[in-house]
Amino acid sequence: MNALLGAGPGLLVLVDPSRTAPAEAAVVARAARAAGAAGVLLGSSFDGTQDTELVARAIRQAAAGLPVALFPGSALQLTKEVDLILFLSLVSGRNPQYLIEEHVRAVPFLTRHAVPTLSTGYILVDGGRVTSVEAVSQTRPLPADKPELARAHATAARLIGMQAIYLDAGSGAPRPVSAEVIRACREGVPGLTLFVGGGIRRPEQVRAARLAGADFVVVGTALEERGAGGGPDADLPALVRAVAG
Ligand code: 1GP
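As the structure is a computational prediction, the values presented were derived from the model and not from experiment.

1. Details of the overall build of the protein chain
Next up, step 1: Counting its regular elements, the protein chain contains ten helices and eight strands.
Next up, step 2: For a compact globule of 245 residues, the expected C-alpha radius of gyration is about 18 Å, and the protein chain comes in at 16 Å, within 12% of that figure.
Next up, step 3: Taken along its principal axes, the extent of the C-alpha atoms in the protein chain is 45 × 40 × 35 Å.
Next up, step 4: A burial count over the protein chain gives 54% of its 245 residues as buried.
Next up, step 5: Put simply, of all contacts in the protein chain between residues at least 6 apart along the chain, 71% involve residues at least 24 apart.
Next up, step 6: As presented, the protein chain carries roughly 10500 Å² of accessible surface, and 56% of it is formed by carbon and sulfur atoms.
Next up, step 7: Computed over 23 positive and 22 negative side-chain charges, the separation of the two mean positions in the protein chain equals 4 Å.

Given below as structure tokens:
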């Protein structure tokens, strides 16, 4: 079993290499390991081309044993310094670039480097504002109040043979993916790994996502934002505890 998948269910801390310097990522990774997070996801919907590798290396050096997975925005971000690459197909969209083109471009890299991949159907759900993923991918998110539509996309990805689903409201979304949408997708893909992220800031939101069927709950922005005391706004240990219940 892959190190990251074996660490679940759990909380994943998302580090965006285009916004986080290697030294800063090292601090985040140490905090994630100390808090008992299942691992770190590394990715950006835009940019991060060469920073991705530097940040991945800094995380591994700072927090040995903490699983790191790549959550790439494009084939340009591929790095061998991770335990797993989410091989993402943006199945909520109809843009061939993110359904097959980036995948073909990834093949020379994956032929040279034997990094494990996880075929993942990525489903973008409306989180209340236009997010970077929507703008960069030029795809529309699914409506937030149509669980049956999300379930159909997740089920289609399973029938195609994908191994996991990532439900995302987009980074910094005002509204996370609802429990109804998560539950509907969980029903459509029993046995597949289910990641849920986007706009999750508080322990009760982590708990709700987990109870609705998420295996991994992803938090990024809330841990980047600084509170009044200068430290992160969100309480990482409390978020980790919320996954366990
Ligand atoms: C974004 O799901 C991730 O793709 C995490 O979102 O930054 O809002 O936590 P946040």
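The rest of the description comes next.
2. Considering the site of the ligand
Next up, step 1: Near the ligand, the surroundings consist of 13 residues, among which Asp168, Gly172, Gly199, Gly220 and Thr221 are the closest.
Next up, step 2: Taking Ser171, its side chain carries an N or O atom lying 2.8 Å from an oxygen atom of the ligand.
Next up, step 3: Between the ligand and Gly199, the relevant distance is 2.7 Å, taken from an oxygen atom to a main-chain nitrogen or oxygen of the residue.
Next up, step 4: The protein chains hide 97% of the 310 Å² of surface that the ligand would expose on its own.
Next up, step 5: Judged by the proximity of its atoms to the pocket grid, the ligand belongs to the largest pocket.
Next up, step 6: Among the residues making up the shell around the ligand, the classes are represented as four nonpolar, eight polar and one charged.

How each quantity is defined
- Numbers given to residues run from 1 along each chain, matching the order in which its sequence is written.
- The predicted origin of the model limits local features to residues at a pLDDT of at least 70 and limits the giving and counting of side-chain atom pairs to 80 or more, whereas totals for whole chains, interfaces and linings rest on all residues.
- Note that the side-chain values use all heavy atoms of the structure and ignore hydrogens as well as water.
- Strands here are runs of E lasting at least two residues and helices are runs of H or I lasting at least four, both read from the DSSP assignment and numbered beginning at the N terminus.
- Each radius of gyration reported is based on C-alpha atoms, and the globular scaling rule is 2.2 Å times the count of residues to the power 0.38.
- Summary of the burial criterion: residues with accessible area below 20% of their type's maximum are buried, those above 50% are exposed, and those between are partly exposed, where the area comes from a 1.4 Å probe applied to protein chains only.
- A contact between two residues is defined here by any heavy atoms of the two lying within 4.5 Å.
- To measure how exposed things are, a 1.4 Å probe is used in the Shrake-Rupley method; for residues, cover is taken only from the protein chains shown.
- Counting rule applied: Lys, Arg positive; Asp, Glu negative; His and chain ends not counted.
- The location of each charge is read from NZ of Lys, CZ of Arg, CG of Asp or CD of Glu.
- For this description, a residue counts as near a given molecule or strand if any of its non-hydrogen atoms is within 4 Å of it.
- Pairs of N or O atoms are called polar contacts if they sit within 3.5 Å, as long as, within protein, a hydrogen donor faces a hydrogen acceptor (for residues adjacent in sequence, only side-chain-to-side-chain pairs).
- Using only the protein atoms, space was sampled on a 1 Å grid; points where a 1.4 Å probe fits but cannot get out form cavities, open sets with protein on both sides within 12 Å along at least five of seven lines form pockets, and lining residues are those with an atom within 4 Å of a point.
- Grid points define the cavity or pocket, and a molecule sits in it when more than half of its atoms lie within 2 Å of them.
- All amino acids are sorted into three groups, where Ala, Val, Leu, Ile, Met, Phe, Trp, Tyr, Cys and Pro are nonpolar, Asp, Glu, Lys and Arg are charged, and the leftover types, Gly among them, are polar.

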